[in-house]
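For reference, the chains in residue letters:
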Amino acid sequence: MLKRALAITALMLGGCCLMTAPAFARAACHGDNGGLKLSPGWCATVFADKLGHVRHMAVAPDGVLYVNTWSGVYYDNAPPPGGFLIALKDSKGTGHADIITRFGDGVAQGSAGGTGIAYYNGAIYAEENDKIVRFTLPKGAIVPESQYQVVLSGMPLTGDHPMHPFIIDAQGNIFVDSASPTNSCQAQNRMLESPGIEPCKELETRAGIWRYSADKLGQKFSPAERYATGLRNDEGFGFDAAGRLFGTEHGRDQLWQNWPKLYTAKAGAELPAEELVELTEGADFGWPECYFDGYQKKLVLAPEYGGDGGRTRGVCAGKKAPIAFFPAHWAPNDLLIDNSPRLPGAYQGGAFIAFHGSWNRAPLPQGGYNVVFQPLKDGKAAGDFIVFADGFAGRYMEPGRAAYRPTGLAGAPDGAIFVSDDVHGRIWRLTYHGARSAPIAPAPGTPSTISAADNPAPPEGVHPDAGRPDTGSLPLAPGVTRDELALGDRIFHGEAENGTCGGCHGSDARGSPVGPNLAGKKIWSDGSLAGLEKTISEGVPKPRNYPGVMPAKGGAPLTDADVTAVAAYVWALSHQNN
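Calculation criteria
Residues numbered from 1 in each chain as written. Predicted model: local features only at pLDDT ≥ 70, side-chain atom pairs only at ≥ 80, totals over all residues. Heavy atoms only, no water. Helix = DSSP H or I, 4+ residues; strand = E, 2+ residues; numbered from the N terminus. Buried < 20%, exposed > 50% of the residue type's maximum accessible area, 1.4 Å probe, protein only. Contact = heavy atoms within 4.5 Å. Phe/Tyr/Trp six-rings, centres within 6.5 Å; stacked < 30°, edge-to-face > 60°. Pairing = 2+ DSSP bridges. Axes fitted to C-alpha atoms, helices over the stretch in contact; angles between N-to-C directions. Parallel < 35°, antiparallel > 145°, perpendicular 65-115°, else oblique. Nonpolar A, V, L, I, M, F, W, Y, C, P; charged D, E, K, R; others polar. Disulfide = S-S within 2.5 Å. Salt bridge = Lys/Arg side-chain N within 4 Å of Asp/Glu carboxyl O. Arc of directions from axis to C-beta. pLDDT = per-residue confidence, 0-100. Left-handed = near helix turned anticlockwise from the far one by under 90°.

Engineer: Before we move on, can you summarise the overall build of the chain with the specific residues and values?
Structural biologist: Helices and strands together make up the secondary structure of the chain, namely seven helices and 30 strands. Buried residues in the chain amount to 60% of all 578 residues. Across the chain, the fraction of contacts at a sequence separation of at least 24, relative to all contacts at a separation of at least 6, is 62%.

What follows is the structure, given as structure tokens:
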């Protein structure tokens, strides 16, 4: 184990072990930190901007940053021209990339880009469509001069979670995520009270971690290489100094929306917890039969498999629990465990986690859209986590209107930490300028410590109804009264008749990864009041472009008058600028 740990440390340090250690002299930050609020002693610059939908990142030993971007099917704007992979270099030491070069396939070559990327043994490895490909870097060059080689192909692409993040250890093992195509392996995905499939056939090729070799070309994805199972969507990976592999797990969605007889709206917003897990060979983390209850701090049986709202554990008592957990639906999209002495002591070996931000916390305020730090010791949580970096979302903490959404993390040889955003393609470079012996401390305006069970409110200044229009200012559809419009507003936001609309379309109705923007062009109806009533009444069992199916009436007990009220509210949102 010691030999493995030393090898991993050497891999992560690369050539940086020969560099001068960073200075920890006190210094004031210059500028506005790129709009971020950071833990004391940390400063930020905007390293690069408007790159497309930047996902994960990797840093080479010479400090060049490599990023993977994707087509952004959840966003309206198209990716920039050129390859989806980008090399970025700060050749002048200003904290900003002055050399930005795209490479690899682009849209013209049939690529949709991807998430996963890694540097290993003089080459860049990247996810592209259903493949992991390898680009050899010539000596002294920051981009390849030849076509890629295919290391692995045939990875599944269907369903809710088509991405394939991965990490490579010092021995050349690739650990790659093949996430679930559904929310909870229901007979009808995300539909009201649809039972779970037994056995869940997805587990043969999805909802787990697979292991392959970075040194072997032409490998084919198959069930035989599965390393761990029961993981709905494991986006981030990291090794600690002892060689333990960790991952961040996205908890399932829509407990309340799909099972309103078992869960309240509040419970649906605050369950299940997001997880940090230790990934070991053969481990089973319980999905789809189980989810982690942050109230009770244990795995419990899911309603699709006979669960009763969290009272029964059943088979979940024998599944592997997380080492740390976090508020529900924050969406942990990447993990950085930095084991080198280039960081201040309190941050060495702990877990930085980038939370992409929630959409499924309505009618409560959305949460996440930040980077947290979780202390670790001996492979376990060593205290509560803090909010390390905040302010990414800006004024509106909603997936449809957040200014930026943290997606990727990477540690640089000089001690800097990069944070990426996949909305507008911004990358921040964070550096430490405080006392080396200073303890961890949260970003200003956030709680001093946070327990996942606390489910903290948004940062100061962000109101639960931020961006929610006043119905008194909205236009009325023909024949609709102001009282009907107000009722539709309350139902939409879960304040009447157990309405579930905001859970998928966002409390501002500007859309989420599973539901379209209702304030814009209608894609599920002709946009008329009658057309909207028909869509709401019948539901959308097979939606176009979005994975979130819509049950009839959203799964809520709506009367015909309620349906008209909701339709009137949606109609008003799409006509408010006219």
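Engineer: Residues and numbers for the packing of aromatic side chains, please.
Structural biologist: Under the defined criterion, the tally for this structure stands at 26 aromatic pairs. Taken together, a centroid distance of 5.5 Å and an interplanar angle of 80° make the contact between W42 and Y347 edge-to-face. Within this pair, whereas W42 is found in strand 2 (residues 42–48), its partner Y347 is found in the loop between strand 22 (332–337) and strand 23 (351–355), the two being separated by 305 residues in sequence. Y347 carries the same exposure label as W42, and that label is buried. On the numbers, 5.9 Å between centres and 65° between planes, the contact of Y347 with F388 is edge-to-face.

Engineer: Outline the sheet that holds strand 14 (residues 219–220), listing residues and values.
Structural biologist: Backbone hydrogen bonds hold the strands of a sheet together, and the pairing may be parallel or antiparallel. One open sheet accounts for five strands, arranged 7-8-9-10-14; its pairing is mixed. Both outer strands of the open sheet, strand 7 (117–120) and strand 14, are each paired with one neighbouring strand and no more. Looking at chain direction, strand 9 (residues 131–136) and strand 10 (residues 149–153) are connected through three bridges and run antiparallel. Residue pairing for strand 10: V133 is matched across the bridge by V150.

Engineer: Talk me through the packing of helix 4 (residues 482–492) against helix 7 (residues 560–575); I want residue IDs and the actual numbers.
Structural biologist: Running from amino to carboxyl end, helix 4 crosses helix 7 at an angle of 90°, the nearest separation of the two axes being 7 Å. In terms of axis orientation, helix 4 runs roughly perpendicular to helix 7. Seen from helix 4, the contacting residues are E484, L485, L487, G488, D489, I491 and F492; seen from helix 7, they are D562, T564, A565, V566, A568, Y569, V570 and A572. Classifying every residue of the contact of helix 4 with helix 7 gives ten nonpolar, two polar and three charged.

Engineer: Residues and numbers for the state of the cysteines, please.
Structural biologist: In a disulfide, the sulfur atoms of two cysteines are covalently bonded to one another. By the definition in use, this model includes three disulfides. Residue C29 pairs covalently with C43 via a disulfide, S to S 1.9 Å. Here C29 and C43 share a disulfide; its torsion about the S-S bond, -85°, makes the bridge left-handed. Of this pair, C29 sits in the loop between helix 1 (2–13) and strand 1 (37–38) while C43 sits in strand 2; the two residues are 14 residues apart in sequence, bridging distant segments of the chain. According to the relative accessible area criterion, C29 is partly exposed, its value standing at 31%. Residue C43 is classed as buried on the basis of its relative accessible area of 8%. At a sulfur-sulfur separation of 2.2 Å, the disulfide partner of C290 is C316. On the sign convention where negative is left-handed, the bridge of C290 and C316, at about -95° about the S-S bond, is left-handed. In this pair, C290 sits in strand 19 (residues 290–293) while C316 sits in the loop between strand 20 (298–301) and strand 21 (324–326), placing the two residues 26 residues apart along the sequence.

Engineer: So what's going on with the pattern of salt bridges? Residues and values would help.
Structural biologist: Counted by the stated rule, this structure contains 19 salt bridges. Among the salt bridges present, the one from E304 reaches R252, with a minimum N-O distance of 2.6 Å. Taken together, the positions of E304 in the loop between strand 20 and strand 21 and R252 in the loop between strand 17 (245–249) and helix 2 (255–258) put the pair 52 residues apart, joining distant regions of the chain. Take E304 and R252: they sit in the same class, and that class is buried. Between K319 and D284 there is a salt bridge, and its shortest N-O distance comes to 2.8 Å. With K319 in the loop between strand 20 and strand 21 and D284 in the loop between strand 18 (274–279) and strand 19, the pair connects residues that are 35 residues apart, well separated along the chain. With relative accessibility at 23%, the residue K319 sits in the partly exposed group. One network of salt bridges, with partners in common, ties together D160, R190, R232 and D253.

Engineer: Tell me about helix 6 (residues 529–538), residues and numbers included.
Structural biologist: For helix 6, the set of buried residues is L529, G531, L532, T535 and I536. Angularly, the buried residues of helix 6 cover 160° about the axis, an arc narrow enough to put them on a single face. Looking at the packing, one finds that the buried side of helix 6 touches helix 7. Directly beyond the C-terminal end of helix 6, a positive phi value near 80° is found at G539.

Engineer: Go over the pairing of strand 20, please, and point to the residues and values.
Structural biologist: In the sheet, strand 19 pairs with strand 20 via four bridges, with the strands oriented antiparallel. Residue D293 lies in a different strand from strand 20, and its bridge partner there is K298. Taking the residues that link successive antiparallel strands as the turn, the strand 19-strand 20 hairpin has four residues, and the phi of K297 there is positive, at about 60°.

Engineer: Describe helix 4, listing the residues and the values that go with them.
Structural biologist: Inspection of helix 4 places L485, G488, D489, I491 and F492 among the buried residues, and these make up the whole buried set. What you see down the axis of helix 4 is that its buried residues fit within an arc of 165°, all on one side. G494, located one to two residues past helix 4, shows a positive phi value of around 75°.

Engineer: Give me the confidence of the model for the chain: which residues, what numbers.
Structural biologist: Averaged over all residues, the pLDDT of the chain is 87; the fraction at 70 or higher stands at 89%. Note that residues 455–467 has pLDDT below 50 and, in this model, 25 contacts with residues that lie over four places away or in other chains.

Engineer: Let's hear about the packing of helix 6 against helix 7: which residues, and what values?
Structural biologist: One can describe the packing of helix 6 onto helix 7 by two numbers: an axis separation of 9 Å at closest approach and a directional angle of 125°. Considering their axes alone, helix 6 and helix 7 lie oblique with respect to each other. Considering only the axes of helix 6 and helix 7, their crossing is right-handed. Residue-level inspection shows L529, L532, E533, I536 and S537 of helix 6 in contact with helix 7, the latter providing V563, T564, V566, A567, A568, V570 and W571. Among the residues making up the contact of helix 6 with helix 7, the classes are represented as nine nonpolar, two polar and one charged.

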